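# Chains, contacts and geometry: an overview
The chain contents come next:
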Amino acid sequence: MSKVTSATRRRPLRALLLAAVGALALAGCSVSSSNSSSSAASSAPATSSSTSGSSSSASTKITVAIVPKLLGLSVFEANVKGAEQVASGLNESIDYTASVDASGPDQAAVIMGLVHSNHPPQVIAYSANDPTSEVPALEAAAKAGIKVIGFDSDVTASARSYFIQDTAYPAMAQSLINAVVAKFGSKGTIGILSSTPDATVQNAWIDAMRTYVTQKYPNLKIGPIGYGQSNQAISQTQATNLINSNPDLLALIPIDGDAVPGALAAVEALGKAGKIGVFGIGDPNPNQKYFANGSLTGLFLWNEVQEGELIAYVARDIYDGTMPAAGGSFTAGSLGTFTVSNSPAPGTIIFSAPLEFTKANYLQYNF
């Protein structure tokens, strides 16, 4: 199995910015908007047979650049781990690179650095900080012949071919709200901790929670939203503010990986553990002590390592031209069969149902 060095796996933003800033400015002048017909044509899902399967004996070795929102977040580390686990069998090399801050423009500069490098990747897989900032850079990648796929958090659909959506947004929203109601009842305020105001997937979850509460729990209010910038300390401050300003707060729902321990730290510091619930979206490893002491009321996610494997399979298939159009299905090794859909956006692949971590099972997952 090919092993990517730590230097390759984690390129800091500063070096990439020096190489990319001029190219990014040029791309802004030369690349058309996200709705351009040329971009849509270059990134549209291929029309092929209804079922495909990834080849484990692919003849051409390819580099897959995984470019998440920022370096260091444990969920993305788990994605990379999963991709690397199957990379050798798919004849792939994984290049993990990202900015050090959760910034759309910084992420765009990283992508442009890859496009204009001496050895550009064959596939770029991104998790976007916002729906638009990265679009010109991704369109430039497609124009240069690089295949573009998204995972976790999407951009304008015309700028990529396929998007691996973690779960169906309504399913995650319902799991969270039902967990709050089961423990604390259906009357009061629920505070939300997100990453940034423009975060695509977090906003989709928030919208789905609001819709579900309106339909089923009229005495619940999805209340104020704090933005922690994917930073635990900032998230703790935001959670503290939400608790202090909302006396009827039933629970906090942190929907960003670093917001979960931030919210828990705030609840504990204010002596509210057990009185205000914390039901988050995050991975279990950073929250083990909170499972152990019982302050974490509920945690949902999906298997991030296996999602990383799926990224590698989709990358192989899109490079080989075997990915199906909407309505078709494909096989991703031992993960099983997946279907491509045009809902909620063109070229969407739903990875899994929400996975609930509990005090009884959290040690079974190493991410």
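Residues numbered from 1 in each chain as written. Predicted model: local features only at pLDDT ≥ 70, side-chain atom pairs only at ≥ 80, totals over all residues. Heavy atoms only, no water.

### Some points on the environment of tryptophan 302
- With respect to the element layout, tryptophan 302 can be found in the loop between β11 (298–301) and α12 (304–320).
- C-alpha separation for the pair tryptophan 302 and aspartate 283, spaced 19 residues apart in sequence, amounts to 8.3 Å.
- Ignoring anything within four residues of it in the chain, the contact list for tryptophan 302 reads Asp152, Asp166, Thr167, Met172, Trp205, Ile281, Glu307, Phe351, Ser352, Leu355, Phe357 and Phe367.
- Only 3.0 Å separates the side chain of tryptophan 302 from the side chain of glutamate 304, close enough to count as a polar contact.
- In this structure the side chain of tryptophan 302 is engaged in a polar contact, spanning 2.9 Å, whose partner is the side chain of glutamate 307. (Helix = DSSP H or I, 4+ residues; strand = E, 2+ residues; numbered from the N terminus. Contact = heavy atoms within 4.5 Å. Polar contact = N/O pair within 3.5 Å; in protein donor to acceptor, adjacent residues only side chain to side chain.)

### Digging into the packing of aromatic side chains
- Using the criterion set out here, one finds nine aromatic pairs in the structure.
- Ring plane angle 70° and centroid distance 5.1 Å describe the contact between phenylalanine 357 and tyrosine 365, whose orientation is recorded as edge-to-face.
- An aromatic cluster is built from Phe357, Tyr365 and Phe367, whose rings are joined through pairwise contacts. (Phe/Tyr/Trp six-rings, centres within 6.5 Å; stacked < 30°, edge-to-face > 60°.)

### Points about the nonpolar core
- Residues Ile177, Met209, Ile253 and Ile349 are the most contacted members of the largest nonpolar core, which totals 93 residues.
- For isoleucine 177, the residues in contact, after removing those within four places along its chain, are Ile190, Met209, Tyr212, Val213, Tyr217, Leu220, Ile222 and Ile253.
- Formed by 20 residues, the second largest nonpolar core is a distinct cluster that contains Leu114, Val115, Tyr126 and Ala137. (Core = buried A, V, L, I, M, F, W, Y, C linked by side-chain atoms within 4.5 Å. Buried < 20%, exposed > 50% of the residue type's maximum accessible area, 1.4 Å probe, protein only.)

### Digging into the pairing of strand β6 (residues 162–165)
- Side chains Tyr162 and Ile164 of β6 all project onto a buried face; the interleaved residues Phe163 and Gln165 project onto the opposite face, where all are buried too.
- Here strand β5 (residues 147–151) pairs with β6 via three bridges, running parallel. Note that in β6 the partner of glycine 150 across the bridge is phenylalanine 163.
- In the sheet, β6 pairs with strand β14 (residues 348–350) via three bridges, with the strands oriented parallel. Bridge assignment links glutamine 165 to a residue of β14, and that residue is isoleucine 350. (Pairing = 2+ DSSP bridges.)

### So, unusual backbone geometry
- With an omega of 5°, the peptide bond running from serine 343 to proline 344 counts as cis.
- In this fold, proline 344 is placed in the loop between β13 (337–341) and β14.
- Even without being a glycine, aspartate 152 presents a positive backbone phi close to 70°.
- Here aspartate 152 shows up in the loop between β5 and β6.
- The phi dihedral of glutamine 229 falls on the positive side, at around 60°, and the residue is not glycine.
- Note that glutamine 229 resides in the loop between β8 (220–227) and α9 (232–245).
- According to the relative accessible area criterion, glutamine 229 is partly exposed, its value standing at 37%.

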